[in-house]
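# Secondary and tertiary structure notes
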Amino acid sequence: QQKINIALDGPAGAGKSTIAKQLAQKLDILYLDTGAMYRALGLKAKKCGVDPKDRAKVEALLPDTRVDVIYQNGQMRVELDGENVEPAIRTQEMGMYASAVAAHPGVREYLVELQRKIALENDLVLDGRDIGTCVLPDTRYKFFITASLEERARRRFAELVQKGEKSESFEAVKAAMAQRDKADAEREFSPLSCADDAEVVDTTEMDIDEVVDFLIEAIDTRR
Ligand code: C5P
């Protein structure tokens, strides 16, 4: 039987991961955070002292690298070479590293293959940048989750403050986010873009519960 795979793509800070987690919980299916997989490879580059922008050097690391997605009590975690990488991958710096390594086609092939394999075996909500356009172009559940840059930066800043990481100003957080979006949208391989058959959900003036309820209804009508 065909698995249910729900693709949530969009720029950084649009609330995708929170939305995806809650949606998966409500539908009683698993959540796959594909960004965490790119972050793990970003961390690998950092640990090996490799410039994440150097395609040849980053791709040369792949044969000696293992990224595993592990589910325990319905919760996902990523392991890099057998080690849990949470919460090390959750910093702004690792977001930039992830974005840099994600531009390399060898990195994308490596992770996309793993993502497709997991999607074939499980009902999933996937969040990322290229799920609807590249990883699972045939799924009928595709949403592009977005919000204004100002609002996304505000949410990310609040998250940093909450985590006690308020070393950066709001303006710096906003600038870093704009830079990462630009890099993700302008890269040559699988850039961030909205699939033609995806439904755009602008969450600027919606709270998480509203978005999740909206998605559940939209999924029902697409069944
Ligand atoms: O979503 P998150 O902020 O964790 O993603 C980190 C980076 O990984 C993104 O900026 C993007 O460059 C990359 N990414 C990607 N394709 C995905 C998920 C993430 O290129 N499906």
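Model, not experiment: these values are computed from the prediction.

### A look at the UniProt feature "domain: Cytidylate kinase" (unreviewed entry) in the chain
Feature annotation in UniProt places "domain: Cytidylate kinase" (unreviewed entry) on residues 6-220, given in this structure's numbering. In residues 6-220, the share of helix is 51% and the share of strand is 17%. The end C-alpha atoms are 12 Å apart.

### Remarks on the sheet that holds strand E5 (residues 83-84)
Read from one edge of the open sheet, 3 strands run E3-E4-E5, paired in antiparallel fashion. Every other strand in the sheet has two partners, leaving strand E3 (67-72) and E5 as the edge strands with one partner each. Pairing analysis gives 6 bridges linking E3 to strand E4 (residues 75-80), with the strands arranged antiparallel. Each residue of the ladder has a partner; that of Ile 70, found in E4, is Arg 77.

### Some points on the UniProt feature "binding site: ATP" (unreviewed entry) in the chain
Mapped onto the present numbering, the UniProt feature "binding site: ATP" (unreviewed entry) falls on Gly 10, Pro 11, Ala 12, Gly 13, Ala 14, Gly 15, Lys 16, Ser 17 and Thr 18. Among all residues touching Gly 10, those that are not within four sequence positions of it are Lys 16, Gly 128, Arg 129, Phe 144, Ile 145 and Leu 192. The residue Ala 12 is located in the loop between strand E1 (5-9) and helix H1 (16-27) in this model. Residues contacting Ala 12, with those up to four places away along its chain left out, are Arg 129, Arg 152, Arg 156, Met 177, Arg 180 and Asp 181.

### Thoughts on the sheet that holds strand E8 (residues 199-202)
Read across the sheet, 5 strands follow the order E2-E6-E1-E7-E8 without closing on themselves; strand pairing throughout is parallel. The sheet terminates laterally at strand E2 (30-33) and E8, the two strands that pair on one side only. Averaged over all neighbouring strand pairs, the angle between strand axes comes to 20°, with direction disregarded. Relative to strand E6 (residues 124-128), E2 is paired through 4 bridges, and the arrangement is parallel. Opposite Tyr 31, over in E6, you have Val 125 as the bridge partner. On the sheet, helix H2 (residues 34-47) packs against E2 and E6 and is oriented at approximately 40° with respect to E2.

Basis of the calculations
Residues numbered from 1 in each chain as written. Predicted model: local features only at pLDDT ≥ 70, side-chain atom pairs only at ≥ 80, totals over all residues. Heavy atoms only, no water. UniProt positions renumbered as here; feature names shortened; annotations may be inferred. Helix = DSSP H or I, 4+ residues; strand = E, 2+ residues; numbered from the N terminus. Pairing = 2+ DSSP bridges. Contact = heavy atoms within 4.5 Å. Axes fitted to C-alpha atoms, helices over the stretch in contact; angles between N-to-C directions.

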